[in-house]
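# Summary of the model geometry
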Amino acid sequence: MTKRSNEPLLWLLFSVGGVVAALLIPVHLFLFGIAFPLGWLNAPSYDALLALARGPAGRVYLLVFCILPLFHWAHRFRYTLYDGLQIKHLNELVNTFCYGGAIVGAIVATYLVVRIP
Amino acid sequence: MAEQIALEVTRFSPERDKVPSIQAFDVPLRKEWVVLDALNYVKDRVDGSLSFRWSCRMGVCGSCGMMVNGEPKLTCATFLTDYAPGPVRVEPLKNFPVMRDLIVEITDFLGKLSKVKPWIIRAKKKPLSEGEYLQTPDELDTYRQFSMCINCLLCYAACPVYGLDPLFAGPAALALAQRYNMDSRDEGKSERLDILSQHDGIWGCTFVGECTEVCPKHVDPAGAIQQYKLTATQEWIRSLLMPWGGKS
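Residues numbered from 1 in each chain as written. Chains lettered and ligands numbered in written order. Predicted model: local features only at pLDDT ≥ 70, side-chain atom pairs only at ≥ 80, totals over all residues.

### A short note on the overall build of chain B
Just so we agree on the cut-off: Where helices and strands are cited, they refer to DSSP runs of H or I of at least four residues and of E of at least two residues respectively, numbered from the N terminus. Three classes are used. A residue is buried when 20 or more other C-beta atoms lie within 10 Å of its own, exposed when 12 or fewer do, and partly exposed in between, with C-beta atoms placed from the backbone. Placing a C-beta atom from the backbone of each residue, one calls two residues in contact when those atoms lie within 7 Å.
Secondary structure summary: chain B contains nine helices and seven strands in total. Seen along its three principal axes, the alpha-carbon backbone of chain B occupies a region of about 75 × 40 × 30 Å. The buried share among the 248 residues of chain B stands at 37%. Across chain B, contacts joining residues at least 24 apart in sequence account for 67% of those joining residues at least 6 apart.

As structure tokens, then:
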């Protein structure tokens, strides 16, 4: 390979994050933002949700749900800054801000999910 | 007198002008006339110095691509009546340096095209006496759509990424590379991988999709590039897991 590029990894995270964001976030918004408050569906109790989040599958789900869309955002926002503001020459700064932001977000999410009592 | 339509054409002579200007002509508005007919009318009857490329008049040669009212179009397939009552503005293809009037400099594209090796590569060529490389209709169908490209460069004029970053390989070159990657007779995938998977190759594309929108031959370069991003990522994972293994 002439120049080893980490674009495949970033693109993979972008794609997977996009799928997660597009499939799961609308479902959560619909359930917790519309259906439960309007009483279309019976809202689960706090204890039932906590029990769900506390289990290993629940924790993994929350991590995937929080972290992958962050990397989707990072990649998309990087190119928005590159092309929208035309600041490709500041690429090191932009990359650090975008992917660094996603990494910080991932660490915070992991900390919070691990600390679910 | 027959109905007329105003044709506004970009004029630029490198010897005479510092910047391009617009010149307006009145041309007959005929039902069967395309923009190219109007340009030829001007060249034959009004101003013989108007310069533009054209050849086949039937959407095959890919020479007559220009901006018509701001959109990249084959002028031989764009009817004047669709723009009535006018004016119709004809400009050289966007994102390319202008040589004269409506003629753009396409050397950059030709260099990029040959770089992606758009031809059948064989590890070992078989002698003519052993016959052709055979292919089934199903195998043909996998890449047929991408082989319809006529290099008219409308996709480069439509691509905002190419407009911002001239190093980007661009839609047609990448789609044609994929056309050969998908050809069952080809053995050059790994040779092309190194070229295509660079930053200025497929990764430059941000999937705006305008290339596919404007393609007069329905090639879908945007689809080809996304398809290849997946292939390149699979190869990247393979090389990560099996650094000793050869590329497929």
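### Quick notes on the overall build of chain A
Rules: Computation of the radius of gyration draws on C-alpha atoms alone. For the globule rule, the value is 2.2 Å times the number of residues to the power 0.38.
Broken down by element type, chain A carries four helices and zero strands. Each helix (α) and strand (β) of chain A, taken in turn from the N terminus, gives the series α-α-α-α. Rg of the C-alpha trace for chain A: 18 Å, well past the compact-globule value of 13 Å for 117 residues, more than 25% over. Viewed in the frame of its principal axes, chain A has a C-alpha envelope of about 55 × 30 × 25 Å. For chain A, with 117 residues in total, the buried portion stands at 17%. Expressed as a percentage of contacts within chain A between residues at least 6 apart in sequence, the contacts between residues at least 24 apart total 75%.

### A few points about the interface of chain B and chain A
Using the following cut-off: Gly counts as polar in this scheme, as do all residues outside two lists: the nonpolar Ala, Val, Leu, Ile, Met, Phe, Trp, Tyr, Cys and Pro, and the charged Asp, Glu, Lys and Arg.
With 13 residues of chain B at the interface, the matching set in chain A holds eleven residues. Elements with a contribution of two residues or more to the side of chain B that touches chain A: α5 (160-164) and α9 (221-241) of chain B. Take the side of chain B that touches chain A: its biggest share by element is four residues, from α9(B). Partitioning the side of chain B that touches chain A into residue classes produces six nonpolar, five polar and two charged.

### Section: the domain arrangement of chain B
Many authors give the size of an interface as the accessible area that is lost as the parts come together. Residues and elements named next belong to chain B. What counts is decided by this rule: Domain start and end points were adopted from an automatic or database domain assignment.
Taken domain by domain, chain B holds domain 1 (4-104) and domain 2 (108-241). Elements with a minimum of two residues in the side of domain 1 that touches domain 2: β3 (65-68) and β4 (71-74). For the side of domain 1 that touches domain 2, the class distribution of residues is seven nonpolar, four polar and one charged.

### As for the pairing of strand β1 (residues 4-11) of chain B
Successive residues of a regular strand alternate their side chains across the two faces of the sheet. Residue and element names in this part refer to chain B. To keep it simple, the criterion reads: Whether two strands pair comes down to DSSP finding at least two bridges between them.
Here β1 pairs with strand β2 (residues 21-28) via eight bridges, running antiparallel. Bridged to Arg11 within β2 is Ser21. As judged from the three bridges shared by β1 and strand β5 (residues 88-91), these two strands associate in the parallel manner. Counterpart to Val9 in the pairing with β5 is Val90.

### Structural notes on the confidence of the model for chain B
Put simply, the rule reads: Confidence scores per residue from the predictor, reported as pLDDT, run from 0 to 100.
On average, residues of chain B carry a pLDDT of 94, and 98% of them reach 70 or more. What the predictor reports for the complex is a pTM of 0.88 with an ipTM of 0.77.

### A word on the nonpolar core
Convention followed: Here, a nonpolar core means buried Ala, Val, Leu, Ile, Met, Phe, Trp, Tyr and Cys residues linked by C-beta atoms lying within 7 Å of one another.
Residues Leu7(B), Val35(B), Val90(B), Cys155(B), Leu174(B) and Leu176(B) are the most contacted members of the largest nonpolar core, which totals 65 residues. Among the elements that take part in this core, helix α6 (residues 171-181) of chain B stands out by supplying seven residues, more than any other. When residues no more than four places from it in sequence are discounted, the contact partners of Cys155(B) are Pro171(B), Ala172(B), Cys211(B), Val214(B), Cys215(B) and Pro221(B). With 13 residues, the next largest nonpolar core counts Trp11(A), Leu70(A), Phe71(A) and Val94(A) among its residues.

### Notes on the environment of Pro117(A)
Residue and element names in this part refer to chain A. Looking at the secondary structure, you find Pro117 in the segment after α4 (91-114). Classification of Pro117 by C-beta neighbours within 10 Å gives exposed; the count is 5. For the pair Pro117 and Ile67, spaced 50 residues apart in the sequence, the C-alpha separation amounts to 20 Å.

### Observations concerning α6(B)
In terms of burial, α6(B) is largely enclosed, as eleven of its eleven residues are buried. Buried residues along α6(B) sit in contact with α2 (107-115), α3 (137-144), α4 (154-158), α7 (189-196), α8 (210-214) and α9 of chain B.

### Section: the environment of Leu52(A)
In this fold, Leu52(A) is placed in helix α2 (residues 46-54). Residues Leu52(A) and Leu12(A), spaced 40 residues apart in sequence, show a C-alpha to C-alpha distance of 29 Å.

### Overview of the sheet that holds β5(B)
All names here are of chain B. Going by this rule: Only C-alpha atoms enter the line fits that serve as axes; for helices the fit covers just the stretch in contact. Angles between N-to-C directions range over 0 to 180 degrees.
Overall, mixed pairing links the five strands, which are arranged β2-β1-β5-β3-β4 in an open sheet. The two strands at the open ends of the sheet, each matched to only one other strand, are β2 and β4. Between one strand axis and the next, the sheet turns through 35° on average, direction left out of account. This element, helix α1 (residues 35-46), spans β1, β2, β3 and β5 of the sheet and lies at about 95° to β2.

### Remarks on the packing of helix α1 (residues 7-35) of chain A against α9(B)
Worth spelling out the cut-off: In what follows, roughly perpendicular refers to angles from 65 to 115 degrees, roughly parallel to angles under 35, roughly antiparallel to angles over 145, and oblique to any angle outside these ranges. Crossings are classed by handedness, with left-handed meaning an anticlockwise turn of the near helix from the far one by less than a right angle and right-handed meaning a clockwise turn.
The N-to-C vectors of α1(A) and α9(B) enclose an angle of 120°; their axes lie 9 Å apart at closest approach. As the angle between them shows, α1(A) and α9(B) are arranged oblique. Note that α1(A) runs across α9(B); the crossing there is left-handed. Note on element contacts: α9(B) touches α1(A) through Lys229(B), Ala232(B), Thr233(B) and Trp236(B), opposite Pro8(A), Trp11(A) and Leu12(A). Taken together, the residues of the contact of α1(A) with α9(B) break down into five nonpolar, one polar and one charged.

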